[in-house]
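# A look at the structure
Here's the letter readout for the chains.
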Amino acid sequence: MVSINRRAWLSGATGVAVTALSGIRPAFAEDTPGITATEIRIGSTTSLSGPVSALGVQARCQEAYFRMLNEQGGIAGRQIKYIYYDDAFNPAKTVEQVRRLIESDNVAFLFNMLGTAPNSAVVKYINAAKVPHLFLSVNGDKWGDYQTYPWTMGFAPSARTEAQVFVKHALSQNRNAKFAVLYQNDDLGKDFVAGAKDVLGERFASAAVVASHEVTDPTIDSQIVTLRGTNPDVLISGTTAKFAAQSIRKIYELGWKPMHFIASGAASLSSTIVPVGLDKAQGTISSAYVKDVADPAWANDPGVKDFLTFMEKYFPDGNPKEGYSLYAYTVAQVLKIVLEQCKGNFTRDNIMAQANNLRDVEVPTLLPGIRVNTSPTNHHPLRQLQLQRIEGAGWQRFGEVIQGANL
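Residues numbered from 1 in each chain as written. Predicted model: local features only at pLDDT ≥ 70, side-chain atom pairs only at ≥ 80, totals over all residues. Heavy atoms only, no water.

## Re the overall build of the protein
Stated formally: To qualify as a helix, a DSSP run of H or I must reach at least 4 residues; to qualify as a strand, a run of E must reach at least 2; elements of each kind are numbered from the N terminus. For the radius of gyration, the atoms used are the C-alpha atoms, and the globule rule reads 2.2 Å times the number of residues raised to 0.38. Only protein chains enter the area calculation, which uses a 1.4 Å probe; residues under 20% of their type maximum are buried, those over 50% are exposed, and those in between are partly exposed. The contact criterion used is simple: two residues touch if any of their non-hydrogen atoms lie within 4.5 Å. Accessible surface is estimated by sampling points in the Shrake-Rupley manner with a 1.4 Å probe; for residues, cover comes only from the protein chains shown. When charges are counted, neither His nor the chain ends are considered; positive counts come from Lys and Arg and negative counts from Asp and Glu. Note that the charge is assigned to NZ on lysines, CZ on arginines, CG on aspartates and CD on glutamates.
Within the protein, the secondary structure is distributed over 15 helices and 11 strands. In terms of overall dimensions, the protein is globule-like: its C-alpha atoms have a radius of gyration of 23 Å, near the 22 Å expected for 407 residues. Overall, the protein is about 85 × 45 × 40 Å in size when its C-alpha atoms are taken along their principal axes. Within the protein, the proportion of its 407 residues that are buried is 54%. Taking the intrachain contacts of the protein between residues at least 6 apart in sequence as the baseline, contacts between residues at least 24 apart amount to 68%. Summing over all exposed atoms, the protein offers an accessible surface of approximately 17300 Å²; the carbon and sulfur share of this is 49%. Charge centroids of the protein, computed over 39 positive and 37 negative side chains, lie 2 Å from each other.

## Structural notes on the packing of aromatic side chains
Definition in use: Geometry of aromatic contacts follows a simple scheme: Phe, Tyr and Trp rings, the Trp one being its six-membered ring, pair when their centres are within 6.5 Å, and the pair is stacked under 30 degrees between planes, edge-to-face over 60, tilted otherwise. A ring is scored as having a charge over it whenever the NZ atom of a lysine or the CZ atom of an arginine sits within 6 Å of its centre and within 35 degrees of its normal.
Applying the stated criterion across every chain yields a total of 12 aromatic pairs. A centroid spacing of 6.0 Å and a plane angle of 65 degrees characterise the contact between Tyr65 and Phe310, whose relative ring orientation is edge-to-face. Taken together, the residues Tyr65 in helix H3 (residues 57–71) and Phe310 in helix H13 (residues 302–314) connect sequence positions 245 residues apart. Residue classification places Phe310 among the buried residues on the basis of a relative accessible area of 2%. Pairing Tyr82 with Tyr84 gives two aromatic rings, centres 5.3 Å apart and planes at 35 degrees, and the pair type is tilted. Grouping residues by exposure puts Tyr82 and Tyr84 together as buried. Site record: aromatic cluster; members linked through ring pairs are Tyr65, Phe66, Tyr82, Tyr84, Phe111, Phe307, Phe310, Tyr314 and Tyr329. A cation over an aromatic ring shows up here: Arg99 above the ring of Tyr125, its NZ or CZ 4.4 Å from the ring centre. The ring of Tyr85 is capped by Arg100, whose NZ or CZ atom sits 3.8 Å from the centre of that ring.

## Considering the sheet that holds strand E2 (residues 79–86)
Basically, it comes down to this: We treat two strands as partners when DSSP finds at least two bridges between them. Here an angle of 0 to 180 degrees is reported between the N-to-C directions of two axes, which are lines fitted to C-alpha atoms, with helices fitted over the stretch in contact.
Spatially, four strands are ordered E2-E1-E3-E4 in an open sheet, and the strand pairing comes out parallel. If you trace the sheet from one side to the other, it starts and ends with E2 and strand E4 (133–134), each paired once. Of the strand pairs in this sheet, strand E1 (residues 39–46) and strand E3 (residues 109–111) are connected by two bridges, and their pairing is parallel. Bridge assignment links Ile42 to a residue of E3, and that residue is Phe109. Of the strands in this sheet, E1, E2 and E3 touch H3, which is tilted by about 170 degrees from E2.

## Topic: the side chain of Ser137
Spelled out, the test is: Identification of polar contacts relies on pairs of N or O atoms within 3.5 Å, with a donor-acceptor requirement for protein atoms, meaning one able to donate a hydrogen and the other able to accept it, and with residues adjacent in sequence counted only if both atoms are side-chain atoms.
Looking at the secondary structure, you find Ser137 in the loop between E4 and helix H6 (159–173). Ser137 gets classed as buried once you look at its relative accessible area, which sits at 11%. Engagement of the side chain of Ser137 in a polar contact is seen with the side chain of Gln58, the distance being 2.9 Å. In contact with Ser137, other than residues within four places in its own chain, are Gln58, Asn112, Met113, Leu114, Gly115 and Tyr327.

## Considerations on the nonpolar core
Just so we agree on the cut-off: Here the nonpolar core consists of buried residues drawn from Ala, Val, Leu, Ile, Met, Phe, Trp, Tyr and Cys, with membership extended through side-chain atoms lying within 4.5 Å.
One finds Ile42, Phe66, Phe109, Phe111, Phe135, Phe310 and Leu335 to be the most contacted residues of the largest nonpolar core, which totals 76 residues. The greatest single-element share of this core, amounting to 11 residues, is contributed by helix H14 (residues 323–341). When sequence neighbours within four positions are dropped, the list of residues in contact with Ile42 reads Phe66, Ile80, Lys81, Tyr82, Ile83, Val107, Phe109, Phe111 and Leu335. In terms of nonpolar packing, the next biggest core, distinct from the first, is built from 26 residues, Ala177, Tyr183, Leu200 and Phe204 among them.

## Digging into H6
Where we set the bar: Residue count minus one, scaled by 1.5 Å, sets the expected span of a helix.
Compared with the 21 Å implied by 1.5 Å per residue over 15 residues, the 21 Å span of H6 between its first and last C-alpha is a close match. Burial analysis of H6 places 11 of its 15 residues in the buried class, which makes it a mostly covered element. Among the residues of H6, those classed as buried are Ala159, Thr161, Glu162, Ala163, Gln164, Val165, Phe166, Val167, His169, Ala170 and Leu171.

## Some words on the pattern of salt bridges
How we decide: Only one rule defines a salt bridge in this text: a Lys or Arg side-chain nitrogen within 4 Å of an Asp or Glu carboxyl oxygen.
Applying the stated criterion to the full structure yields nine salt bridges. Of the charged contacts, one joins Arg99 and Glu103 as a salt bridge, the two residues approaching to 2.9 Å between their closest N and O atoms. Here the residue Arg99 and the residue Glu103 both occupy positions in helix H4 (residues 91–104), the gap between them amounting to four residues, near one helical turn. For Arg99, a relative accessible area of 39% gives the class partly exposed. The salt bridge partner of Asp198 is Arg160, with a shortest N-O separation of 2.7 Å. Of this pair, Asp198 sits in helix H7 (residues 187–200) while Arg160 is found in helix H6, placing the two residues 38 residues apart along the sequence. With a relative accessible area of 36%, Asp198 lands in the partly exposed category. Given a relative accessible area of 28%, Arg160 falls into the partly exposed group.

## Focus on the packing of H6 against H7
Here is the rule: Each angle receives one of four descriptions, namely roughly parallel if under 35 degrees, roughly antiparallel if over 145, roughly perpendicular if within 65 to 115, and oblique otherwise. Throughout, a crossing is termed right-handed when the near helix is turned clockwise from the far one, and left-handed when it is turned anticlockwise from it by less than a right angle.
Between H6 and H7, whose axes approach to 7 Å, the crossing angle comes to 45 degrees. Overall, the two elements H6 and H7 adopt an arrangement that is oblique. Relative to H7, H6 is oriented so that their crossing is right-handed. Each of Ala159, Arg160, Glu162, Ala163, Gln164, Phe166, Val167, Lys168 and Leu171 in H6 lies in contact with H7, whose residues at this interface are Leu188, Asp191, Phe192, Ala194, Gly195, Ala196, Asp198, Val199 and Leu200.

Structure follows, in structure tokens:
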């Protein structure tokens, strides 16, 4: 892409005329949708309303992050314009909004779109249009399928990897453990079942029971009661925050004390655990890959301090101890690195090439030892995580960082 000084262009009218007559024209920044000499236009969809509206805080936090970057001069002299729309976690609305972003708003690429079902509704269209579809806010293993969807990339460790780690840990404590899996009836939840099967193998049929729920269900109480009746040692709640909270509450009410695992995406201390009651959640296990701002162990950590400063100045309406905001901030930091690696060349091809070229990237808000790695054949930026357990007033990490690919 060639950058042209406007004054020089105006003074060189004769040269332009010759170029036009010959059928050849210089390459302007505007040749790539969403990219001008002064702007990078980014699009997203999220849930500001609907059943998982609490997750909409991610887009609001990232909007604040881009505002901070713009005040600091933007990227390669360009200001970031971040456009995001509410799809209410409704795939039909996602289709409408994504078409609007690509065909009307002319965004250069899509970033951190929320939800398995919403992204599933548009992924083929986005890839056919060859629009980078980066760092989705999902936990599905399929988002690493670089062969089918070369323009799509998730971010967090997949739910399948997380389930593998949960089952392996449970078996390390009780080799004959019996499992129950509560799962949301979509790709997210099904990955938890698949991860359990990966580890249990032929034992799955005799050592595990499963129960599903829909994202529109008001409660999962009946499923928990049914699973409790099979007398398992381990419960894996492979679902989103609302239902993970309900499962914690229900097993407490039943007096049931299984080894209980919940998805990392549902493990927010302030949004999930505290509202349920810390007393009810004691012993609950999840996994982590980012630092917990609510954990006193990180009080003097430079990365956490920078995040808190950012929140105070640019997103004062957000809860600084809210895990979703820290996640959003972390992903935005990685996108900044991708855009910086573009070195001013913001064609869609180069944006995707740089997203495919992250090598042992350390992000200040990731846990020590966890790094971002991608390649054209690796669309799982994070494959590492560490287990954590509710003890006393919050999460306590234990064990070593686990590389999912080595399972």
